[in-house]
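Tertiary structure, described
Take a look at the letters that make up each chain.
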Amino acid sequence: MSPSSKPISETKVIVGMSGGVDSSVSALLLLQAGYQVEGLFMKNWDEDDGSEYCTAKDDLADAESVCAKLGIKLHSANFAAEYWDNVFEHFLEEYKAGRTPNPDILCNREIKFKVFLDYAELLGADYIATGHYVRRLDEGGRTYLAKGLDNNKDQSYFLHAVSEAEFAKSLFPVGELEKPEVRVLAEEHGLITHNKKDSTGICFIGERRFKDFLAQYLPAQPGVIEDLDGNALGQHSGLMYHTIGQRQGLGIGGVKGQAEAPWYVVDKDLERNVLLVAQGSDHPRLYKQSLSASQSHWIGNNPCAHGNVFHGHSKIRYRQADQECWVRESADGGLEINFAEPQRAVTPGQSIVFYKEDICLGGAVIDQAQDELIEELAAQVTEAS
Ligand SMILES: Nc1ncnc2c1ncn2[C@@H]1O[C@H](COP(=O)(O)OP(=O)(O)OP(=O)(O)O)[C@@H](O)[C@H]1O
């Protein structure tokens, strides 16, 4: 099991203990495999509202209980300053720019596999481990990130921005298991986390209303809701509260003279601060055939290097089925992507993540979606075939 040259019994692994069942079982599996195991609980958010929303205290207590049961040491560290600077400020900037960011992707890149990893190395770790449902593959001196075996739980989407060098120092013990098996193992070994609910939502927001949370940090700019013919239908309380493809929360009911079908956000006009809506969850404006993206990151080699067109699959959101696509680099270093099938509700600020079969190759941040295929790219594909 050890990818290093050291014997397993001398290899020290520090497991990120979240107080959840996946990290609990990760620590258990590593112990069973013979590693020297310790845990590290990190706190990334200093709530100052005495919050009933933040479960960090309970999570720490659960992590302590599991480590005591397993007989391993638990360290704890506070990375709230790093989280604020490297994740949260970027998250706010993106919202300000009218985009919908994914802080969990940034948290993995900036905190779990950077600050956490550095800290674990200071504690003498040869590896870190997390309870993510992904697999690490080692072949020909390279390290690859593969989807978790449990297709329902695969978390490679959230890890695509981490680099190969960091994966080479990371272990993912539950990636080879199905979630129900993980719970059974936890129960069999008397770990109190065995039936703990999966965490939902963004870590620092917890269960509170997202709108209230965001309003604490960003001034809302109310504006007009318009249909695609330019008719004003109502007021929105801030573009940042809305996501493309979303149905609820438009604050408009039936419109005089219009059919009684629900309305969906199809676009945001940032310049005019206008929310554009159309009727029907399958409105054609919600479907895009291509997109452009930037800030690409490749875990290993860049499959679009030297003008190559990459043909494989991608996801534009977590839990989406793999979508066939073609990708190439644009002149400005961004990416251009054509899809075999039109994609619903492409959301600027979210990530597109690329796959060759089960291997996650990397991803990029979505800038803009287009109704039509990118012609030059389509022509390049036709020429090559
Ligand atoms: N506060 C934390 N301290 C240390 N490690 C953490 C913390 N939060 C998350 N992690 C690590 O990141 C992994 C994935 O975190 P995520 O929030 O997605 O939880 P999860 O998939 O529900 O896992 P778990 O059941 O272990 O909470 C965890 O399994 C754990 O190893």
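The structure displayed is predicted, hence computed values, not measured ones.

**Focus: the site of the ligand**
For the ligand, the set of nearby residues contains 16 residues, the closest of which are Gly 16, Ser 18, Asp 22, Ser 23 and Met 42. Within the backbone of Gly 16, one N or O atom sits 2.6 Å away from an oxygen atom of the ligand. Between Gln 155 and the ligand, the recorded distance is 3.4 Å, taken from a side-chain N or O atom to an oxygen atom. Protein chains bury 83% of the 580 Å² of accessible surface belonging to the ligand in isolation. Residue classes in the shell around the ligand are distributed as five nonpolar, nine polar and two charged.

**Structural notes on the environment of Ser 23**
Structurally, Ser 23 is set in helix H1 (residues 21-33). Residue classification places Ser 23 among the buried positions, given a relative accessible area of 3%. Between the C-alpha atoms of Ser 23 and Gly 71, which are 48 residues apart in sequence, the distance is 15 Å. Setting aside residues up to four positions removed in sequence, Ser 23 forms contacts with Val 15, Gly 16, Met 17, Ser 18 and Gly 131.

**Overview of unusual backbone geometry**
In terms of backbone geometry, most residues other than glycine have negative phi values and most peptide bonds are trans. At Asn 273, a position not held by glycine, the phi torsion is positive, near 55 degrees. The exposure class assigned to Asn 273 is buried, which follows from its relative accessible area of 16%. You will see that Arg 319, though not glycine, has its phi angle at about 75 degrees, which is positive. Mapped onto the fold, Arg 319 is located in the loop between strand S13 (310-315) and strand S14 (323-329). A residue is classified by how much of its surface remains accessible, and Arg 319, at 56% relative accessible area, is exposed.

**Re the side chain of Thr 143**
With respect to the helices and strands, Thr 143 occurs in strand S6 (residues 142-147). The class of Thr 143 is buried, set by a relative accessible area of 7%. Within the local environment of Thr 143, its side chain forms a polar contact with the side chain of Asp 138, the two groups lying 3.2 Å apart. In this structure, Thr 143 is in contact with Arg 136, Leu 137, Asp 138, Glu 164, Phe 167 and Ala 168, ignoring residues within four places of it in sequence.

**Considering the sheet that holds strand S1 (residues 12-16)**
The sheet built from five strands is open, its strands ordered S3-S2-S1-S4-S7 with parallel pairing. A strand with exactly one partner marks an edge of an open sheet, and here the two such strands are strand S3 (74-78) and strand S7 (170-171). One ladder, built from five bridges, connects strand S2 (residues 36-43) with S3; its direction is parallel. Bridging across to S3, Leu 40 finds its partner in His 75. Here helix H2 (residues 56-70) sits on the sheet and contacts S2 and S3; the angle it forms with S2, its principal contact strand, is near 170 degrees.

Analysis parameters
- Residues numbered from 1 in each chain as written.
- Predicted model: local features only at pLDDT ≥ 70, side-chain atom pairs only at ≥ 80, totals over all residues.
- Heavy atoms only, no water.
- Near = heavy atom within 4 Å.
- Polar contact = N/O pair within 3.5 Å; in protein donor to acceptor, adjacent residues only side chain to side chain.
- Areas by Shrake-Rupley, 256 points an atom, 1.4 Å probe, with all protein chains shown as cover.
- Nonpolar A, V, L, I, M, F, W, Y, C, P; charged D, E, K, R; others polar.
- Helix = DSSP H or I, 4+ residues; strand = E, 2+ residues; numbered from the N terminus.
- Buried < 20%, exposed > 50% of the residue type's maximum accessible area, 1.4 Å probe, protein only.
- Contact = heavy atoms within 4.5 Å.
- Pairing = 2+ DSSP bridges.
- Axes fitted to C-alpha atoms, helices over the stretch in contact; angles between N-to-C directions.

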